[in-house]
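Structural overview
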Amino acid sequence: MAYLHFSTDPVLSPYVGASVVPPAATPKKAAATGLTALEWSVVALAQGDRLSSLREPSPLSIALGRVFGRGGRSQNLADPRLEALRRMAVFSWHRGFAVPTHELTAFLRAGFTTEQYETMVASIGAAASDTQAKRHRHH
């Protein structure tokens, strides 16, 4: 297994160590509302994704990507369940609870629960508030 050191990556470094953690849950509800460490890392990395990452690339975008070295690769995750989580996390980072109904349906069909969705959005909201407060203090 390879180890990638993201803290020196100019694109990812602002998101390394982002405090995207679930709010405290009671032991009985932890299983129903929690996400795995891998799933939380998908949520954290989704913070840097634009809403445009959720659209299928056009043929022109694919061609330009190949010319400029991206090779026409999709930004989608290979695992359909994690991709459903990434999509919901991207919407949640940008819109909070205001997400398209069809995306919420896809998220639930991927095996997640409404409790997990609510936990994720609450955590994103707390992380976003924390980030804004830190920026405000530095200005």
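Residues numbered from 1 in each chain as written. Predicted model: local features only at pLDDT ≥ 70, side-chain atom pairs only at ≥ 80, totals over all residues. Heavy atoms only, no water.

Thoughts on the nonpolar core
Test applied: What makes a nonpolar core is a set of buried Ala, Val, Leu, Ile, Met, Phe, Trp, Tyr and Cys residues whose side-chain atoms join them at distances within 4.5 Å. Partly exposed residues are those whose accessible area sits between 20% and 50% of the maximum for their type, while under 20% is buried and over 50% is exposed, using a 1.4 Å probe and protein chains only. Secondary structure elements are defined from DSSP: runs of H or I of at least 4 residues count as helices, runs of E of at least 2 residues count as strands, and each element is numbered from the N terminus.
With 21 residues, the main nonpolar core has Leu35, Val43, Leu85, Trp93, Tyr117 and Met120 as its most contacted residues. Of all elements in the fold, only helix H2 (37-46), helix H4 (80-95) and helix H6 (114-138) reach the threshold of two or more residues within this core. Top element by residues in this core is H4. It accounts for 7 residues.

Digging into the environment of arginine 55
Mapped onto the secondary structure, arginine 55 falls in the loop between H2 and helix H3 (59-67). Arginine 55 sits in the exposed class, given a relative accessible area of 58%. Along the sequence, arginine 55 and glutamine 75 sit 20 residues apart, while their C-alpha atoms lie 9.6 Å from each other.

Some details on the packing of H2 against H4
Axis angle and axis distance: for two packed helices, these are the angle between their axes and the distance between the axes, and together they describe the pair. Keep this limit in mind: Axes here mean lines fitted to C-alpha atoms, for a helix over just the part in contact, with angles spanning 0 to 180 degrees between N-to-C directions. For classification purposes, an angle smaller than 35 degrees is called roughly parallel, one larger than 145 roughly antiparallel, one from 65 to 115 roughly perpendicular, and anything else oblique. Crossing handedness follows the turn of the near helix against the far one: under a right angle anticlockwise gives a left-handed crossing, and clockwise gives a right-handed one. A contact between two residues is defined here by any heavy atoms of the two lying within 4.5 Å. Only Asp, Glu, Lys and Arg are considered charged, only Ala, Val, Leu, Ile, Met, Phe, Trp, Tyr, Cys and Pro nonpolar, and every remaining residue, Gly among them, polar.
Running from amino to carboxyl end, H2 crosses H4 at an angle of 40°, the nearest separation of the two axes being 8 Å. What the angle tells us is that H2 and H4 run oblique. In the crossing of H2 with H4, the sense of the turn from one axis to the other is right-handed. Contact with H2, carried on its side by Leu38, Glu39, Val42, Val43 and Ala46, involves Arg81, Leu82, Leu85, Arg86, Ala89, Val90 and Trp93 of H4 and no other residues of that element. Here the contact of H2 with H4 is composed, by residue class, of 9 nonpolar, no polar and 3 charged.

Focus: the environment of arginine 86
Relative to the helices and strands, arginine 86 resides in helix H4. By relative accessible area, arginine 86 is classed as buried at 4%. On a C-alpha basis, the gap between arginine 86 and aspartate 49 in space is 9.1 Å, while along the polypeptide they are 37 residues apart. In this structure, arginine 86 is in contact with Val42, Ala46, Asp49, Ser53, Leu54, Gln75, Asn76 and Leu77, ignoring residues within four places of it in sequence.

Focus: a nonpolar patch on the surface
Applicable threshold: Residues enter patches when they are more than 30% accessible in relative terms and free of salt bridges; like-charged ones are connected within 9 Å and nonpolar ones (Val, Leu, Ile, Met, Phe, Trp, Tyr) within 5 Å. The Shrake-Rupley method, run with a 1.4 Å probe sphere, supplies the accessible areas, and residue values consider only the shown protein chains as cover. In what follows, salt bridge is the name for a side-chain nitrogen of Lys or Arg lying within 4 Å of a carboxyl oxygen of Asp or Glu.
A cluster of nonpolar side chains, namely Leu60, Leu64, Val67 and Phe68, defines an oily patch on the protein surface of about 470 Å² accessible area. Relative to the helices and strands, leucine 64 is located in helix H3.

Considering the packing of aromatic side chains
Here is the rule we go by: Here the aromatic set is Phe, Tyr and Trp, taking the six-membered ring for Trp, and pairing holds for ring centres within 6.5 Å; pairs whose planes are under 30 degrees apart are stacked, those over 60 apart are edge-to-face, and all others are tilted. A ring is considered to have a charge above it if a Lys NZ or an Arg CZ atom is located within 6 Å of its centre and within 35 degrees of its normal.
Enumeration according to the criterion identifies 3 aromatic pairs in this entry. Pairing phenylalanine 107 with phenylalanine 112 gives two aromatic rings, centres 4.6 Å apart and planes at 10°, and the pair type is stacked. Since its relative accessible area comes to 1%, phenylalanine 107 is described here as buried. A relative accessible area of 4% places phenylalanine 112 in the buried class. Aromatic side chains phenylalanine 107 and tyrosine 117 sit 6.1 Å apart centroid to centroid with 65° between the ring planes, which places their arrangement in the edge-to-face category. Of this pair, phenylalanine 107 sits in helix H5 (residues 101-109) while tyrosine 117 sits in helix H6, and the two are 10 residues apart along the sequence. Of the two residues, phenylalanine 107 and tyrosine 117, neither departs from the other in class, the shared state being buried. Over the face of the ring belonging to phenylalanine 112 we find arginine 81, whose NZ or CZ atom lies 3.8 Å from the ring centre.

Some remarks on the side chain of glutamine 116
The line we're drawing: We define a polar contact as two N or O atoms separated by no more than 3.5 Å, with the added condition that, inside protein, one atom must be a possible hydrogen donor and the other a possible acceptor, whereas residues neighbouring each other in sequence contribute only through side-chain atom pairs.
Structurally, glutamine 116 can be placed in helix H6. For glutamine 116, a relative accessible area of 7% gives the class buried. Polar side-chain contacts of glutamine 116 include one of 2.8 Å to the backbone nitrogen of threonine 113.

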